[in-house]
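# Observations on chain architecture
Below, each chain spelled out in residue letters.
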Amino acid sequence: MQGMSAMQGMQSGGADPHAAHTGGGLMDGMEMPLLQINIRSSPEYKRNIPSQLSRLPKLAAAAGEPRRLTLGHDGKGNWNINGWRFNMHETPVTVRRGTREIWLLQNNRASMPHPMHIHGFQFRVLERRDSPAQVKALATRQNGLLPQDFGLLDTVLVWPGESVRIALDFSHPFEGDQTYMFHCHNLEHEDTGMMIGYKVKA
Ligand SMILES: [Cu+2]
């Protein structure tokens, strides 16, 4: 019961965390003690933290025009990608195994943010264009990239009006043609059609 005694000790030493609310709920922004850590001893730690924690794979160079994928809505409650609504018997996009592609994800200005998620592969974000002002204000480096864009991702949030370029490498160890999914991760969008199967051809 060590945890219990720590909690009781904390409550007796400070303000009662339950005093400022009623009915068992927490008020927005209210402080709430969750855990107290008591350090009993500090063993000597000799290892150095590496100056670089990890490295990203080299950015894939892709030839040719980007593949454009427009995030749309039909005005009748259905979301789509390039006008395609999900059909589990179709794969409107085909890529070759081992190729590198740039995908250009374009969202309408009058729209919603779409967290676009790809199965099977990770990607790098190359550029954000025409971001809404409040998003642009958070960009930290050139190309309009946001802090969360640096790294290998499987989901990128595409804001209204934005064009986001991502670099993909369709190398995988599986023989034969393979089908994967690409979709918005807002379930209401995915479920009304904003999802496609794509084929990686052997
Ligand atoms: Cu969406």
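To keep things clear, this report deals only with the structure shown in the data block. (Residues numbered from 1 in each chain as written. Predicted model: local features only at pLDDT ≥ 70, side-chain atom pairs only at ≥ 80, totals over all residues. Heavy atoms only, no water.)

Right, let's get into the sheet that holds strand 1 (residues 67–73). Taken together, five strands build an open sheet; the order of strands is 2-1-4-8-6 and the sheet is mixed. At either margin of the open sheet sits one strand with a lone partner, and together these are strand 2 (79–81) and strand 6 (123–129). The mean inter-strand angle of the sheet, taken between neighbouring strand axes irrespective of direction, is 20°. Relative to strand 8 (residues 163–169), strand 4 (residues 100–107) is paired through seven bridges, and the arrangement is antiparallel. Opposite E101, over in strand 8, you have L168 as the bridge partner. (Pairing = 2+ DSSP bridges. Helix = DSSP H or I, 4+ residues; strand = E, 2+ residues; numbered from the N terminus. Axes fitted to C-alpha atoms, helices over the stretch in contact; angles between N-to-C directions.)

At this site the copper ion is bound by H114 (ND1), C184 (SG) and H189 (ND1), with donor distances of 2.0 Å. Each donor residue of the copper ion lies on the same chain, and together they follow the pattern H-x69-C-x4-H. Here the residue H114 occupies a position in strand 5 (residues 114–118), and C184 occupies one in strand 9 (residues 178–184), the gap between them amounting to 70 residues. C184 shares its class with H114; the two are buried. (Donors = N, O, S within 2.8 Å, 3.2 Å for Na, K, Ca; no water. Buried < 20%, exposed > 50% of the residue type's maximum accessible area, 1.4 Å probe, protein only.)

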